[in-house]
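Single-letter residue listing:
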Amino acid sequence: MARIFVTGSADGLGRAAAERLRAAGHEVVLHARSTARASSLDGPVLVGDLSSIAETRALAAAADDSGRFDAVIHNAGIGYTARRRVETADGLEQHFQVNVLAPYLLTALMTTPDRLIYLSSGMHEGGHAALDDPQWTRRRWSGASAYSDTKLWDVVLAFAVARRLPGVLSNAVDPGWIATRMGGRGAPGGLDEGTRTQIWLATSDDPDARVSGRYFYDRRARPAAAAASRAELQEELLDYCAGLTGVTL
């Protein structure tokens, strides 16, 4: 039995993954961004709004106080349909803060687990591989492009952690286009398809799952955008996130 923390598990893929992990006998701690959302969940749940640096710090502390995890699935995220740029109380673009900075901060602050899984997307291939305007203060807004950027940075983060922490299995996952609130009703994939890879990476002793610095789709390693493997870009992202949070990896 593994002990696993799943962020963004009040609904969608996060909740589906948590339910399937519990059904398999694992101990799962859920996460919701508010007490209102947490009230509908069964079992242990931690609360923290990932669009706040202070709340993300507190969430990391609460997670550690609950005990060490064998795996953390960084599932929480904002999708690609936003029609306008939203700035958080920390003065950051919301997609970047929730999708990239929050998993960075949790990774840096929490006791390191054996396995880290960062949810990305096939849309990462269209991401802008430069940190010249990550907060969208100069570019014309595009929700889809902002999302694609953050999903690229999630792969970069996963690969950076794999390189920096060789004792940890750190990987990125494309769950596919799944019929959830984020994916929309017209998406072709179901919840079993959308959760199987992150569950496998978090728990399996299969040699194919016990690797690091890979990008997976449907339990198979696939090539990620070439930029994600550039060590200098990985370091640039880590330095940028450290500058925003005051916390180094």
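These numbers come from a predicted model, not from an experiment. (Residues numbered from 1 in each chain as written. Predicted model: local features only at pLDDT ≥ 70, side-chain atom pairs only at ≥ 80, totals over all residues. Heavy atoms only, no water.)

Enquirer: Quick question: what am I supposed to make of the nonpolar core here?
Expert: Side chains of nonpolar character tend, in soluble globular proteins, to be buried together. If you look at the biggest cluster of nonpolar residues, it comprises 45 residues, and the most contacted ones within it are Phe 5, Met 110, Trp 153 and Leu 237. Of all elements in the fold, only helix H3 (53-65), helix H4 (94-109), strand S5 (115-119), helix H5 (143-164) and helix H7 (231-245) reach the threshold of two or more residues within this core. In terms of residues, this core owes the most to one element, H5, which gives 9 residues. In this structure Phe 5 touches Val 29, Leu 30, His 31, Leu 46, Leu 59, Ala 63, Phe 69, Ala 71, Val 72, Ile 73 and Met 110, once residues within four positions along its chain are discounted. (Core = buried A, V, L, I, M, F, W, Y, C linked by side-chain atoms within 4.5 Å. Buried < 20%, exposed > 50% of the residue type's maximum accessible area, 1.4 Å probe, protein only. Helix = DSSP H or I, 4+ residues; strand = E, 2+ residues; numbered from the N terminus. Contact = heavy atoms within 4.5 Å.)

Enquirer: What am I meant to see in the confidence of the model for the protein here?
Expert: A low pLDDT score tells you not to read the predicted coordinates there in detail. For the protein, the average pLDDT comes to 95, and 95% of its residues sit at 70 or higher. Predicted confidence in the protein is weakest over helix H6 (residues 191-203), with a mean pLDDT of 94, and strongest over S5, with 99. (pLDDT = per-residue confidence, 0-100.)

Enquirer: Would you take a moment to explain the sheet that holds strand S7 (residues 215-217) for this structure?
Expert: Whether parallel or antiparallel, the strands of a sheet pair through hydrogen bonds between backbone atoms. The strand order across the open sheet built from 8 strands is S3-S2-S1-S4-S5-S6-S7-S8, with neighbouring strands paired in mixed fashion. The sheet is open, and its two edges are formed by strand S3 (45-47) and strand S8 (220-222), each paired on a single side. Averaged over all adjacent pairs, the angle separating strand axes in this sheet is 25 degrees, with direction ignored. Summarising the sheet, strand S2 (residues 27-32) and S3 pair through 3 bridges and their orientation is parallel. If you follow Leu 30 over to S3, its bridge partner there is Val 45. Packing of helix H1 (residues 12-23) onto the sheet brings it into contact with strand S1 (3-6), S2, strand S4 (71-74) and S5, and relative to S2 it is tilted by some 165 degrees. Sheet contacts for H6: S1, S4, S5, strand S6 (169-174) and S7; angle to S5, the most-contacted strand, approximately 160 degrees. (Pairing = 2+ DSSP bridges. Axes fitted to C-alpha atoms, helices over the stretch in contact; angles between N-to-C directions.)

Enquirer: How do you make sense of the packing of aromatic side chains when you look at a structure like this?
Expert: The geometry of two aromatic rings is summed up by the distance between their centres and the angle between their planes. Counted according to the given criterion, the structure contains 5 aromatic pairs. On the basis of an interplanar angle of 70 degrees and a centroid distance of 5.4 Å, the ring pair of Trp 136 and Trp 141 is categorised as edge-to-face. A centroid spacing of 5.6 Å and a plane angle of 80 degrees characterise the contact between Trp 200 and Phe 216, whose relative ring orientation is edge-to-face. Here Phe 216 lies in strand S7 and Trp 200 lies in helix H6, a separation of 16 residues in the sequence. Phe 216 matches Trp 200 in its accessibility class, with the two residues each being buried. Just above the ring of Phe 69 sits the side chain of Arg 3; from NZ or CZ to the centre is 4.3 Å. It is Arg 139 that lies over the ring of Trp 136; its NZ or CZ is 3.7 Å from the centre. (Phe/Tyr/Trp six-rings, centres within 6.5 Å; stacked < 30°, edge-to-face > 60°. Lys NZ or Arg CZ within 6 Å of the ring centre and 35° of its normal.)

Enquirer: What should I look at first to understand unusual backbone geometry in this one?
Expert: Even without being a glycine, Trp 136 presents a positive backbone phi close to 55 degrees. The topology assignment puts Trp 136 in the loop between S5 and H5. Since its relative accessible area comes to 6%, Trp 136 is described here as buried. For Asp 218, which is not glycine, the phi torsion reads 55 degrees and is therefore positive. Along the chain, Asp 218 turns up in the loop between S7 and S8.

Enquirer: Would you mind going over the pattern of salt bridges with me for this structure?
Expert: Side-chain pairs of opposite charge can arise whenever the charged atoms involved come near each other. One pass over the structure, following the stated rule, counts 15 salt bridges. Between Asp 149 and Arg 139 there is a salt bridge; the shortest N-O distance is 3.0 Å. Of the two residues, Asp 149 is situated in helix H5 and Arg 139 in the loop between S5 and H5; the sequence distance between them amounts to 10 residues. We classify Asp 149 as buried; its relative accessible area is 6%. On the basis of relative accessible area, Arg 139 is assigned to the partly exposed category, the value being 26%. With a closest N to O distance of 2.8 Å, Lys 151 and Asp 154 form a salt bridge. You can see Lys 151 and its partner Asp 154 sitting in helix H5, 3 residues apart, about one turn around the helix. Here Lys 151 matches Asp 154 in class, with each residue buried. Within the structure, one salt-bridge network assembled from shared partners comprises Arg 68, Asp 70 and Asp 114. (Salt bridge = Lys/Arg side-chain N within 4 Å of Asp/Glu carboxyl O.)

Enquirer: Please explain the packing of H1 against H6 as it appears in this structure.
Expert: When two helices pack together, their arrangement is captured by the angle between the axes and the distance separating the axes. Viewed as axis vectors pointing N to C, H1 and H6 meet at an angle of 60 degrees, and their least axial separation amounts to 9 Å. Our classification of the angle between H1 and H6 gives oblique. For the pair H1 and H6, the crossing hand works out as right-handed. For the pair formed by H1 and H6, the contact residues are Leu 13, Ala 16, Ala 17, Arg 20 and Leu 21 on the first element and Leu 191, Asp 192, Gly 194, Thr 195, Ile 199 and Thr 203 on the second. Here the residues of the contact of H1 with H6 are counted per class, giving 6 nonpolar, 3 polar and 2 charged. (Parallel < 35°, antiparallel > 145°, perpendicular 65-115°, else oblique. Left-handed = near helix turned anticlockwise from the far one by under 90°. Nonpolar A, V, L, I, M, F, W, Y, C, P; charged D, E, K, R; others polar.)

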